[in-house]
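Single-letter residue listing:
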Amino acid sequence: MGQIKIELEATMGDEDWEAEIIKPRMSSYVPVFEKDRYSSGANGDTFNRTRASSSEMDDGPSRRNHFMRSGFASGRSMGNRDAGESNKRENTSTMGGFGVGKSFGNRGFSNNKFEEGDSSGFWRESNNDCEDNQTRNRGFSKRGGYQDGNHSEASGSSRRGGRGSFRGCRGGFGLGSPNSEYEQDEGTQRTGGLFGSRRPALSGAGNGDTYQSRSGSGSGRGGYKGLNEEVVTGSGKNYWKSEAEGGESGDTQGPKVTYIPPPPPEDEDSIFAHYQTGINFDKYDTILVEVSGHDAPPAILTFEEANLCQTLNNNIAKAGYTKLTPVQKYSIPIILAGRDLMACAQTGSGKTAAFLLPILAHMMRDGITASRFKELQEPECIIVAPTRELINQIYLEARKFSFGTCVRAVVIYGGTQLGHSIRQIVQGCNILCATPGRLMDIIGKEKIGLRQVKYLVLDEADRMLDMGFGPEMKKLISCPGMPSKEQRQTLMFSATFPEEIQRLAGEFLKSNYLFVAVGQVGGACRDVQQTILQVGQYSKREKLVEILQNIGDERTMVFVETKKKADFIATFLCQEKISTTSIHGDREQREREQALGDFRYGKCPVLVATSVAARGLDIENVQHVINFDLPSTIDEYVHRIGRTGRCGNTGRAISFFDPESDNHLAQPLVKVLSDAQQDVPAWLEEIAFSTYVPGFSGSARGNVFASVDTRKNYQGKSTLNTAGFSSSQAPNPVDDESWD
Ligand SMILES: Nc1ncnc2c1ncn2[C@@H]1O[C@H](COP(=O)(O)OP(=O)(O)OP(=O)(O)O)[C@@H](O)[C@H]1O
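All values derive from a computational prediction rather than experimental measurement.

Section: the packing of aromatic side chains
Remark: the centre distance and the inter-plane angle together describe each pair of aromatic rings, the angle taken between the planes.
Here is step 1 of the chain: In this structure the tally under the stated criterion is 7 aromatic pairs.
Here is step 2 of the chain: Here Phe 281 and Tyr 284 contribute two aromatic rings whose centre-to-centre distance is 5.3 Å and whose plane-to-plane angle is 70°, an arrangement assigned as edge-to-face.
Here is step 3 of the chain: Residue classification places Phe 281 among the buried residues on the basis of a relative accessible area of 10%.
Here is step 4 of the chain: Among the residues examined, Tyr 284 registers a relative accessible area of 3% and is labelled buried.
Here is step 5 of the chain: Taken together, the aromatic side chains of Phe 303, Tyr 321 and Phe 401 make up a single cluster linked through ring pairs.
Here is step 6 of the chain: One cation-aromatic arrangement involves Arg 541 over Phe 572; the distance from NZ or CZ to the ring centre is 4.8 Å.

Structure follows, in structure tokens:
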């Protein structure tokens, strides 16, 4: 077993930090890991998020006092709101300190990325997990760069930034025997992080094989075609072949991807593990729903009305679902009626089951090809989603609802061994859950035939159709054998649906598709209490620590704009003795899964993430989202804050608004806040008005629907979703177009 040791600079102060980032000599940093020191849980040191001892910290006491004084006013007021919830919170006392210290040397610090001879090195990193290499204007240029090479993050063992512990929660799953032609590498490692039976049973199943940070290797290599996920190719050439050509599978370029994710637990308890719906679940009934398009079937009010088969009903009950959410009430009958659908509903409101249940019902009714080994599999259903973690989650839901049926769901995604994906498929595949790059690779390798596809689902559809994934989706629907849109059922789901993307979607959908809008299209979940704080770039870290110390052990996602910054902030928080892990597109897949597992099971209650984690992830008990950096678009904001306040639970989102860089968001933020009945700070309104853009399609007064079915020729029908009676006005086109 290798020794794992991370050397962090324990006393790196506020002033040093920016200097660290832009320091050209960063390449001197070589992380050294000491496993025993940082292994978590059983035998590692642990410490609390609230500092147990500040003796090692230069500024410990003063900072703490400062926090007590400053009191983080908005945080406090929010605290009252959920006071009654505390007893529900998961105890995370076993978290390991510095859980992912290993990761912080992962790329960036050790691979000469900063040796570009200019002090903007940090900001030259791609924005938002996107390899667009835009030079950032904001940042730390005033800081004058680094001062002293000895103060690098690798500046000596005496300055290590943390103890605590880290032990991977990998292991515990038997490796399948590598017996096929696709087996590429014996060096495969498995971790137990991703498959989330929302129970801690998996966590720590193993006992820590070496967890090494490999700079820049593996899945994170290459260009990044979309806004935030799925590395496909560095060249920008043919996406289709990208993975096979080395983008991920490593056939011809770079190191091979050998990671085989651990199989999810097979026991029924794990399969059906779920978290409780929250106190606001019943309030879903009051949300306005608009269905547009011709001859929409009526909504159903109960699961019984869906007339699903007994096995499905059993699975629904075991999953703890007793009542339909609005998007389910409307989407299930529409899909059962065989209609194409574009559905937009707030984050965390059950869109996944809204498409899975009727698809499974149809498959059960119509009969499917029984799963059996075949070199070419022909799935009846293909589901695509933009990130690996999200598609895995969807797969777990598909597996849950198809439990006890002959329907076999399979998941494939990049960053894992291609041979592993193929092995999963050839064993039988009725529902294929895939990220786009890996899907196209597998199709290219003729392991998947498309002739039988009856259902094509685009989750996070606006993302799947934007400039990042759109071209690949177009290729998918024009693949040989893919049934035309008239012959298949195409379903699109998201919490946001910009109008221009809706127009693109027409190419994929039958012209008579139905459009379901639950609440505002693109509106934020009302169960999330949103706070916007004006915080300048240089005060952000201090504010973050203040807030996190106030939060205590509650699970928190911190979003930053770049991959490198995710590592820096995670490092910084570890130095502040806040147990933190990170997830972003430059991390190897097994590290991403490890990080997610550590966060999910409470080992690291803080997850620093780029937008790669903004969409879809459904993690129990995420009580806070902090936008350390605001995203560049309001839709991204809506998705990010939707990681909390799910399924009727309440959550809080705090966003740092830097007037130097975020003014363009003021106007849409005011709209999102006011539509979600949140307080709008006066200063934000002022900025919004001073940056007023006449064409902005939204109203600070709050429309019923911020955006609507773009096919305006349809007569919109707005209803309260409980009874299907018409309630509200159709959207006012004037208001739609104007902001004030
Ligand atoms: N009818 C229901 N009853 C109880 N729980 C439900 C119901 N429908 C969904 N859930 C649970 O609610 C959570 C959120 O569901 P899901 O992840 O499908 O939301 P979503 O709308 O897809 O969110 P996002 O927009 O963030 O992707 C999940 O844990 C899911 O199991």
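Read on, since the account is not over.
With respect to the domain arrangement of the chain
Here is step 1 of the chain: Annotation of the chain at the domain level lists domain 1 (268-518) and domain 2 (528-691).
Here is step 2 of the chain: The C-alpha-based centres of domain 1 and domain 2 are spaced at 28 Å.
Here is step 3 of the chain: With 26 residues of domain 1 in contact, the opposing surface of domain 2 contributes 22 residues.
Here is step 4 of the chain: Per-residue buried area on domain 1 facing domain 2 is highest for Tyr 275, Thr 347 and Glu 389; these three make up 34% of the total on that side.
Here is step 5 of the chain: The interface formed by domain 1 and domain 2 holds 3 salt bridges in total.

Description of the side chain of Lys 565
Here is step 1 of the chain: By the secondary structure assignment, Lys 565 is in helix α17 (residues 563-575).
Here is step 2 of the chain: The class for Lys 565 is buried, based on a relative accessible area of 0%.
Here is step 3 of the chain: Within the local environment of Lys 565, its side chain forms a polar contact with the side chain of Gln 537, the two groups lying 3.4 Å apart.

A few points about the nonpolar core
Here is step 1 of the chain: In terms of nonpolar packing, the biggest core is built from 58 residues, with Leu 341, Phe 355, Met 363, Ile 383, Ile 431, Phe 493 and Val 516 touching the most fellow members.
Here is step 2 of the chain: For this core, the element with the highest residue contribution is helix α9 (residues 351-366), accounting for 9 residues.
Here is step 3 of the chain: Setting aside its immediate chain neighbours within four residues, Leu 341 contacts Ser 331, Ile 334, Ile 335, Thr 490, Leu 491, Met 492, Phe 493, Leu 509, Tyr 513, Leu 514 and Val 516.

Considerations on the pairing of strand β14 (residues 651-657)
Here is step 1 of the chain: Of all 7 residues making up β14, 7 are buried, and the element is well covered by its neighbours.
Here is step 2 of the chain: Neither face of β14 is left uncovered, since the one carrying Gly 651, Ala 653, Ser 655 and Phe 657 and the one carrying Arg 652, Ile 654 and Phe 656 both have all their residues buried.
Here is step 3 of the chain: Strand direction decides the pairing type here: strand β9 (residues 528-534) and β14, joined by 7 bridges, are parallel. Note on β14: the bridge partner recorded for Leu 533 is Phe 656.
Here is step 4 of the chain: In this structure, strand β13 (residues 622-627) lies alongside β14, joined through 4 bridges in parallel fashion. In the strand pairing of β14, His 624 is matched with Arg 652.
Here is step 5 of the chain: Crossover connection from β13 via helix α19 (residues 634-641) to parallel β14: handedness right-handed.

Let's talk about the site of the ligand
Here is step 1 of the chain: Around the ligand sit 22 residues, and of these Tyr 321, Lys 323, Lys 351, Thr 352 and Asp 618 come closest.
Here is step 2 of the chain: Contact distances for the ligand include 2.9 Å between an oxygen atom and a side-chain N or O atom of Arg 643.
Here is step 3 of the chain: When the free accessible area of the ligand is taken as 640 Å², the share hidden by the protein chains comes to 96%.
Here is step 4 of the chain: Looking at the shell around the ligand residue by residue, the classes come out as 4 nonpolar, 10 polar and 8 charged.

Digging into the packing of helix α12 (residues 436-444) against helix α14 (residues 470-477)
Working note: a packed helix pair is described by the angle between its axes plus the distance between those axes.
Here is step 1 of the chain: For the pair α12 and α14, the least separation of the axes is 10 Å and the interaxial angle reads 30°. What the angle tells us is that α12 and α14 run roughly parallel. Crossing handedness for the pair α12 and α14: left-handed. Residues Pro 436, Gly 437, Leu 439, Met 440 and Ile 443 of α12 form the contact with α14, whose own contacting residues are Glu 472, Met 473, Lys 475 and Leu 476.

Thoughts on the environment of Asp 462
Here is step 1 of the chain: Position of Asp 462 relative to the elements: it lies in helix α13 (residues 461-465).
Here is step 2 of the chain: Linking Asp 462 and Phe 628, residues 166 residues apart in sequence, is a C-alpha distance of 24 Å.
Here is step 3 of the chain: Apart from the residues within four sequence positions on either side, Asp 462 is in contact with Ser 494, Thr 496, Phe 497, Pro 498, Ile 501, Arg 615, Asp 635 and His 639.
Here is step 4 of the chain: For Asp 462, the side chain forms a polar contact with the side chain of Thr 496, separated by 2.5 Å.

Looking at the sheet that holds β9
Here is step 1 of the chain: If you walk across this open sheet you meet the 6 strands as β9-β14-β13-β10-β12-β11, and the pairing is parallel. Looking at the sheet topology across the chains shown, the edges are occupied by β9 and β11 (580-583). Strand after strand, the sheet turns through a mean of 20° between neighbouring axes, direction not considered.

Details of the UniProt feature "domain: Helicase C-terminal" (unreviewed entry) in the chain
Here is step 1 of the chain: In the numbering adopted here, UniProt assigns the feature "domain: Helicase C-terminal" (unreviewed entry) to residues 543-688.
Here is step 2 of the chain: Strand forms 18% of residues 543-688 and helix 40%; the C-alpha atoms that close the span are 23 Å apart.

Thoughts on α14
Here is step 1 of the chain: Along α14, the positions that sit buried rather than exposed are Gly 470, Glu 472, Met 473, Leu 476 and Ile 477. Burial along α14 is one-sided: seen end-on, the buried residues are contained in an arc of 160°.
Here is step 2 of the chain: Where α14 is buried, its residues contact β3 (381-384), α12, β6 (455-459) and α13.

Here we look at the side chain of His 362
Here is step 1 of the chain: Within the fold, His 362 resides in helix α9.
Here is step 2 of the chain: With relative accessibility at 5%, the residue His 362 sits in the buried group.
Here is step 3 of the chain: A polar contact is formed between the side chain of His 362 and the side chain of Tyr 455, at a distance of 3.2 Å.
Here is step 4 of the chain: Apart from residues lying up to four places away in sequence, His 362 is in contact with Ile 335, Leu 336, Gly 338, Gly 367, Tyr 455 and Gln 489.

Focus on helix α21 (residues 682-690)
Here is step 1 of the chain: Inspection of α21 places Leu 684, Ile 687 and Ala 688 among the buried residues, and these make up the whole buried set. One side of α21 carries all its buried residues, which in axial view fall inside an arc of 100°. Opposite the buried face of α21, by more than 90 degrees, sit the exposed residues Ala 682, Glu 686 and Ser 690.
Here is step 2 of the chain: Residues of α21 that are buried sit in contact with β9, β14 and α20 (666-675).

Structural notes on the confidence of the model for the chain
Any segment with low pLDDT has predicted coordinates that should not be analysed in fine detail.
Here is step 1 of the chain: Taken as a whole, the chain shows an average pLDDT of 71; of its residues, 59% reach a score of 70 or greater.
Here is step 2 of the chain: Note on residues 1-193: pLDDT is under 50 here. Beyond four places in sequence and across chains, it has 527 contacts.
Here is step 3 of the chain: Every residue in residues 713-740 scores below 50 in pLDDT, and together they form 87 contacts with partners more than four places removed in sequence or on other chains.
Here is step 4 of the chain: On the interface metric, ipTM, the complex scores 0.99, and its pTM is 0.71.

Conventions used here
Residues numbered from 1 in each chain as written. Predicted model: local features only at pLDDT ≥ 70, side-chain atom pairs only at ≥ 80, totals over all residues. Heavy atoms only, no water. Phe/Tyr/Trp six-rings, centres within 6.5 Å; stacked < 30°, edge-to-face > 60°. Buried < 20%, exposed > 50% of the residue type's maximum accessible area, 1.4 Å probe, protein only. Lys NZ or Arg CZ within 6 Å of the ring centre and 35° of its normal. Domains from an automatic or database assignment. Contact = heavy atoms within 4.5 Å. Buried area = accessible area lost by both parts, 1.4 Å probe. Salt bridge = Lys/Arg side-chain N within 4 Å of Asp/Glu carboxyl O. Helix = DSSP H or I, 4+ residues; strand = E, 2+ residues; numbered from the N terminus. Polar contact = N/O pair within 3.5 Å; in protein donor to acceptor, adjacent residues only side chain to side chain. Core = buried A, V, L, I, M, F, W, Y, C linked by side-chain atoms within 4.5 Å. Pairing = 2+ DSSP bridges. Right-handed = clockwise from strand over helix to strand, strands pointing away. Near = heavy atom within 4 Å. Areas by Shrake-Rupley, 256 points an atom, 1.4 Å probe, with all protein chains shown as cover. Nonpolar A, V, L, I, M, F, W, Y, C, P; charged D, E, K, R; others polar. Axes fitted to C-alpha atoms, helices over the stretch in contact; angles between N-to-C directions. Parallel < 35°, antiparallel > 145°, perpendicular 65-115°, else oblique. Left-handed = near helix turned anticlockwise from the far one by under 90°. UniProt positions renumbered as here; feature names shortened; annotations may be inferred. Arc of directions from axis to C-beta. pLDDT = per-residue confidence, 0-100.

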